[in-house]
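Residue strings, one per chain:
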Amino acid sequence: MSNKLFLTPKFITTPSQNGVGRYVCQLQRVVLKFCKNHGSSRGLREFIEHDLINYSKENPGTVVYLKPRRHRGPVIVGEYLNGDQQSIYCRNFSREEISKWLNLLLSQSGNHDGTRLRKLWHTEHPSIQGPWTPYTFRDPMLNLVKFPNADLSKVLNQPKTATEQLLELFEKKKNDHAPKQQSE
Amino acid sequence: MASFLKFLALLPPRAVLSPNLTAKGIKRWVAPTLIELERRRKRQEPQPPIPRSSFLEWNHDAELYSFGKRLGEEFNQALLKRAFTHRSYVVQKELAGNPTDTFEDNSELISEGNSIILKSVRQQYTTFPDEIVEALCNHLVNNTMLAHVAYHLGTKDIVLTAEYPAEASTLADTFRAIVAALHRSTGEDRAHLFVKDFLLCQLNGKGIFDIWDPKNPYEVLKQLAQENGVTEIEARLCNESASNTILANYQVGLYSEKKLLGIGWGESIEIAKDTAALNAIHRIYNLAI
């Protein structure tokens, strides 16, 4: 799934205005599936032994279920409030890795597997000034002008004609030569 | 010994390392069986969704406890359980012949909760005209909106009801019952705060005129202005641009006693006048929601 053509494009969203009123952790329950004697579940077993009580005390809003299964690989299944489900196969994971993955589940708003963010930021107010109108930044002087007005009807950015350019060159040359003659 | 090692070295490596993986060891029936099962599953009609509560790893009491903690509220657990128990569930239990003495349904809490929610919404917008408050109440306190809020609080799996998945009206009733349960558990202030944090925040990113859409804004403004003691409203054409084209644009300002009430744009003067009236209403009542 590393090819970005197979990733679903997504924008950053918040489920149901979470955090506008108060923040609600979106992970509603997590199931830790493990084997009681297989070596691949060792990290998960150690996590359960040492860290699980603290984890559930710190996050009382998340229900933690333990599901021992004989001779099957260890899996973490997280369920989110928006109905998403995410399973992480954690064969041979260490205790620290398990707590990092569980922390990721806690801090996510849903299952973002197989998605690609189209933008890394989001705003409800792309412009604080509001949209431009023909009257924005208009010169107040124009309120008193009577139309048709010869001054305002002139063409802007009129390029110089060839004759004018030649005359200008001639004048410039004349000025350049004039002081030399004086010095002699 | 040396000759035996030489013999091992001559064998293909797989045969040495895993003697079980012979032609017999590969289970040739697994893939065809799984393919056949998948084919039969696809041929079947779509199966109804399996309720989460029927799973082995399910503890309703723990779910209820977490529900309260997740929202940062201290619920009375008995009341919370009652808020989640619908009449249809109790009836289903009765028909199945189970004792239902321990179950109390939430029909009383639903009506109580509805009035608390309406009261909270009205309390929040005391300065707004009645017409706008009614529009806000209709927008917020209906089954679709309440069901949306209830779904994202995580009631979908916990709710005790006869049907699965729970209908929108059931989820909306659950939200009402939860508000009533909170009101009984921790008092009026917490219930109002709950409604404010979870229901009123749904108005975030919306303007008042997305919700309240008056037919004749200018007439409404005249009426509202009269109630506020403003008698005469004068509409002036402030700006116009590109008239007689498809990109025509007019700006109309509404004045009263040389003071600007509101200003608005539109592709015709009439539309600009209506937009200005909406702007004036917004300014008079400070309708930021």
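Residues numbered from 1 in each chain as written. Chains lettered and ligands numbered in written order. Predicted model: local features only at pLDDT ≥ 70, side-chain atom pairs only at ≥ 80, totals over all residues. Heavy atoms only, no water.

Student: What is the right way to look at the overall build of chain A in this model?
Tutor: Within chain A, the regular secondary structure consists of 4 helices and 6 strands. Secondary structure elements in chain A, listed N-terminal to C-terminal, are β-β-α-α-β-β-β-α-β-α. Taking the principal axes of the C-alpha coordinates as reference, chain A spans close to 110 × 50 × 35 Å. Out of the 184 residues belonging to chain A, those deemed buried represent 29%. Across chain A, contacts joining residues at least 24 apart in sequence account for 71% of those joining residues at least 6 apart. A total accessible area of about 13700 Å² is found for chain A, and carbon and sulfur atoms account for 54% of it. (Helix = DSSP H or I, 4+ residues; strand = E, 2+ residues; numbered from the N terminus. Buried < 20%, exposed > 50% of the residue type's maximum accessible area, 1.4 Å probe, protein only. Contact = heavy atoms within 4.5 Å. Areas by Shrake-Rupley, 256 points an atom, 1.4 Å probe, with all protein chains shown as cover.)

Student: Before we go on, may I ask you to explain the pairing of strand β3 (residues 259–266) of chain B in this structure?
Tutor: Within a regular strand, the side chains alternate between the two sheet faces. Residue and element names in this part refer to chain B. Pairing analysis gives 7 bridges linking strand β2 (residues 249–256) to β3, with the strands arranged antiparallel. Its bridge partner lying in β3, Tyr250 is registered against Gly266. In textbook terms, the turn of a hairpin is the stretch between consecutive antiparallel strands, and for β2 and β3 this stretch comprises 2 residues, one of which, Glu257, has a positive phi near 50 degrees. (Pairing = 2+ DSSP bridges.)

Student: Just checking my understanding: could you explain the interface of chain A and chain B for this structure?
Tutor: One widely used convention gives an interface's size as the accessible area the parts lose upon coming together. Contact with chain A, which involves 26 residues of that partner, is made by 35 residues of chain B. Overall, the association of chain A and chain B removes approximately 2600 Å² of surface from exposure, summing both partners, and the carbon and sulfur fraction of that is 50%. A per-residue breakdown of the area chain A buries against chain B is headed by Arg22, Tyr65 and Tyr135 of chain A, which together make up 27% of the total. In this assembly, chain A and chain B are joined by 6 salt bridges. The partner of Arg22 of chain A in a salt bridge is Glu73 of chain B, and the shortest N-O contact between them spans 2.7 Å. Among the secondary structure elements, those contributing two or more residues to the side of chain A that touches chain B are β2 (27–34) and β3 (63–68) of chain A. Per element, the largest residue contribution to the side of chain A that touches chain B is 4 residues, and it comes from β2 of chain A. The residue inventory of the side of chain A that touches chain B, partitioned by class, reads 11 nonpolar, 9 polar and 6 charged. (Buried area = accessible area lost by both parts, 1.4 Å probe. Salt bridge = Lys/Arg side-chain N within 4 Å of Asp/Glu carboxyl O. Nonpolar A, V, L, I, M, F, W, Y, C, P; charged D, E, K, R; others polar.)

Student: What's the story with the sheet that holds β3 of chain A in this structure? I'm lost.
Tutor: Residues and elements named next belong to chain A. The sheet built from 4 strands is open, its strands ordered β3-β2-β4-β5 with mixed pairing. Each edge of the sheet is formed by a strand with only one pairing partner; in this case those strands are β3 and β5 (85–89). When strand polarity is set aside, the average angle formed by the axes of neighbouring strands in this sheet is 15 degrees. Where β2 and β3 come together, 6 bridges link them in parallel fashion. Counterpart to Leu32 in the pairing with β3 is Leu66. On top of the sheet, helix α1 (residues 42–50) reaches β2 and β3; it is set at about 125 degrees to β2, its chief contact. (Axes fitted to C-alpha atoms, helices over the stretch in contact; angles between N-to-C directions.)

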